[in-house]
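Chain by chain, the residues:
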Amino acid sequence: MAGISKANWSDLSIRIASALVMSGLALATAWWGGPLFVLFWFLAAAAVLCEWLFLISAGRRDWLIVALGIGLLAVSTLLAQSGQGGAALLIVVGGAAVMGGLARGRGASQPLLAAAAIPYAACVVLPVTLLRLDEPYGMRAIFVLFAIVWGSDVLAYFTGRTLGGPKLWPKVSPKKTWSGFIGGTLFAAVAAGLVGGSIVLVPIGAVLAAISQGGDLLESALKRRFDAKDASHLIPGHGGVMDRLDGFLAAALAALLIGLAHAGLHPAQGFIVW
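Residues numbered from 1 in each chain as written. Predicted model: local features only at pLDDT ≥ 70, side-chain atom pairs only at ≥ 80, totals over all residues. Heavy atoms only, no water.

S.K.: It is not clear to me how the pattern of salt bridges should be interpreted in this structure. Could you clarify?
M.R.: When their charged atoms lie close together, side chains carrying opposite charge are able to pair. In this structure the tally under the stated criterion is 6 salt bridges. Where Asp216 meets Lys176, a salt bridge forms, and the shortest distance between an N and an O atom there is 3.5 Å. You can see Asp216 sitting in helix H8 (residues 201–225) and its partner Lys176 sitting in strand S2 (residues 173–177), a full 40 residues away along the chain. Residue Lys176 is classed as partly exposed on the basis of its relative accessible area, which comes to 26%. Through salt bridges with shared partners, one network takes in Glu219, Lys223 and Asp243. (Salt bridge = Lys/Arg side-chain N within 4 Å of Asp/Glu carboxyl O. Helix = DSSP H or I, 4+ residues; strand = E, 2+ residues; numbered from the N terminus. Buried < 20%, exposed > 50% of the residue type's maximum accessible area, 1.4 Å probe, protein only.)

Pasting the structure below:
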C-alpha cells in the first residue's frame, strides 16, 4: 500500500468515481425503462459512432458523415423503440452501405470501416432497447446482462493482476491474461445465475462473459491498428465510451440473439426464462 503513489491513488479515485456515476445512471434508467432508458443508450451509441469514425480517420473529421451516421442511428433506434426490430435492422444494413459509399466518394481512407460504424454503434442501443421492451422480463434481463459484463470486467482485472500468468493475446492487449479471462468468466457465470435466479443462466453467463471479453479484444485490435491508446478522453479515467462498452455491446447482441432463438418475439423472456 505504501508503494502506491499519490498520483496512482488520484487516478484510481477518478476511475472509481466515473464508474459509480456511469453504473448508477445505467441502473437507474434500466429500472425506469421507457424513453429515458432508450435516450441514455442512444446517446452512448452516438458517442461510440463518433469515436469510431474519428479513430479511423487519422485526425480528419468529416462532419457530414458523422451527421448522417447519427441520423440513421436515431431512425433505427426509434423504430426499435416502437417494436419494429426488423425495420431497424434494415436501416442499419442500408445505412452501412450508404455510409461506406459516401465515405468513399468523399475520399475517406477507410470506407469499409466507416460503413462498419453504423452496425457497431447500433449494437450499443438496439439489443438493449429490444430486450427492455419485452415486459415483464425486460428489466431483469438488463440487470442479468449488467451482472455478466460488469462481473467479467472487474474479476478479470483483479484475477489477472493477482495471479498473472500467460498472456491472452499479447500482440493485441499485452496486459490481459488467461487467468483473468478464466476468473472473469467464472464469476460472471455465477453472477448470471444469482441475479437471474436460474441455474441454466450459469453456462449462458459464461458464454456471454467470453463474448464480452472478445469484444474488448476486438476494440483493442482496432485501436492498435490506428496506434491509439483510448478511443477518446470523454470519460475521466476510462478513456472513451467505446472503451467502456466494447464488451457490453458484444454481450448484448449475443443475449438478444439467444432470446430471439429461444422465444421468438419475446427476447428478454427467451434470454432469462428456461
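S.K.: Honestly, the packing of aromatic side chains in this entry has me stumped. Any pointers?
M.R.: Each pair of aromatic rings is reported with the distance of its centres and the angle of its planes. According to the stated counting rule, one finds 12 aromatic pairs in the structure shown. For the pair Phe146 and Trp150, a centre-to-centre distance of 4.6 Å together with 5° between the ring planes defines the contact as stacked. Here the residue Phe146 and the residue Trp150 both occupy positions in helix H6 (residues 138–163), the gap between them amounting to 4 residues, near one helical turn. For Phe146, a relative accessible area of 2% translates into the label buried. Note on Trp150: relative accessible area 31%, which makes it partly exposed. Connected via pairs of aromatic rings, a cluster forms that spans Phe37, Phe40, Trp41, Phe143, Phe146, Trp150 and Phe248. Sitting over the ring of Phe54, Arg61 keeps its end group 4.1 Å from the ring centre. (Phe/Tyr/Trp six-rings, centres within 6.5 Å; stacked < 30°, edge-to-face > 60°. Lys NZ or Arg CZ within 6 Å of the ring centre and 35° of its normal.)

S.K.: Sorry if this is basic, but what is going on with the side chain of Thr177 here?
M.R.: Structurally, the position occupied by Thr177 is in strand S2. What makes Thr177 buried here is its relative accessible area of 5%. Reaching out from Thr177, the side chain makes a polar contact with the side chain of Ser179 at a distance of 3.0 Å. Only 3.0 Å separates the side chain of Thr177 from the backbone nitrogen of Gly180, close enough to count as a polar contact. The contact partners of Thr177, leaving out residues within four places of it in the chain, are Gly160, Gly164, Gly165, Pro166, Lys167 and Leu168. (Polar contact = N/O pair within 3.5 Å; in protein donor to acceptor, adjacent residues only side chain to side chain. Contact = heavy atoms within 4.5 Å.)

S.K.: Where do I start with the state of the cysteines in this structure?
M.R.: Working definition: the covalent bond between the sulfur atoms of two cysteines is a disulfide. Under the defined criterion, the tally for this structure stands at 0 disulfides. No disulfide involves Cys50; its sulfur sits 17 Å from that of Cys123, the nearest cysteine. (Disulfide = S-S within 2.5 Å.)

S.K.: Help me understand H6, please; the structure alone is not making it clear to me.
M.R.: Residues three or four positions apart in an α-helix share a direction because the helix packs 3.6 residues into each turn. Between the first and last C-alpha of H6 there are 37 Å, a value that for 26 residues agrees with the 38 Å anticipated at 1.5 Å per step. A positive backbone phi angle near 65° is found at Gly164, which sits one or two residues after H6. (Expected span 1.5 Å × (residues − 1).)

S.K.: How do you make sense of the packing of helix H2 (residues 34–56) against helix H3 (residues 63–81) when you look at a structure like this?
M.R.: In a packed pair of helices, the relevant descriptors are the angle between the two axes and the axis-to-axis distance. At a minimum axis distance of 10 Å, the contact between H2 and H3 shows a crossing angle of 150°. Between H2 and H3, the angle is such that the two are roughly antiparallel. Read as a crossing pair, H2 and H3 show a hand that is right-handed. Along its contact with H2, which presents Gly34, Pro35, Val38, Phe42, Ala45, Ala46, Leu49, Cys50, Leu53 and Phe54, the element H3 presents Trp63, Ile65, Val66, Gly69, Ile70, Leu73, Ala74, Thr77 and Gln81. By residue class, the composition of the contact of H2 with H3 is 15 nonpolar, 4 polar and no charged. (Axes fitted to C-alpha atoms, helices over the stretch in contact; angles between N-to-C directions. Parallel < 35°, antiparallel > 145°, perpendicular 65-115°, else oblique. Left-handed = near helix turned anticlockwise from the far one by under 90°. Nonpolar A, V, L, I, M, F, W, Y, C, P; charged D, E, K, R; others polar.)

S.K.: Is there a simple way to explain helix H4 (residues 85–105) in this structure?
M.R.: Between its first and last C-alpha, H4 extends 30 Å over 21 residues, near the 30 Å set by a 1.5 Å rise per residue. Regarding H4, the residues found buried are Ala88, Val92, Gly95, Ala96, Met99, Gly100 and Ala103. One side of H4 holds all its buried residues, which, seen down the axis, span an arc of 130°. Opposite its buried face, H4 presents the exposed residues Leu90, Val93, Ala97, Arg104 and Gly105, each directed more than 90 degrees away. Structurally, H4 contributes buried residues whose contacts are with H2, H3 and helix H5 (111–133). Note on H4: the residue one or two positions beyond its end, Gly107, has a positive phi of about 80°. (Arc of directions from axis to C-beta.)

S.K.: Looking at this model, I keep getting lost on the environment of Ala255. Mind explaining?
M.R.: Its location among the elements puts Ala255 in helix H9 (residues 241–263). Of the residues examined, Ala255 reaches a relative accessible area of 0% and is grouped as buried. Separated by 95 residues in sequence, Ala255 and Gly160 place their C-alpha atoms 26 Å apart. Once you skip the residues sitting within four places of it in the chain, Ala255 turns out to touch Leu131, Leu145, Leu208 and Phe271.

S.K.: Would you mind showing me how to read unusual backbone geometry here?
M.R.: Glycine aside, a negative phi is what most residues show, and trans is what most peptide bonds show. Put simply, Glu135 and Pro136 share a cis peptide bond, and its omega is 5°. At Asp227, a position not held by glycine, the phi torsion is positive, near 55°. With respect to the helices, strands and loops of the structure, Asp227 is situated in the loop between H8 and H9. Its relative accessible area of 74% is what places Asp227 among the exposed residues.

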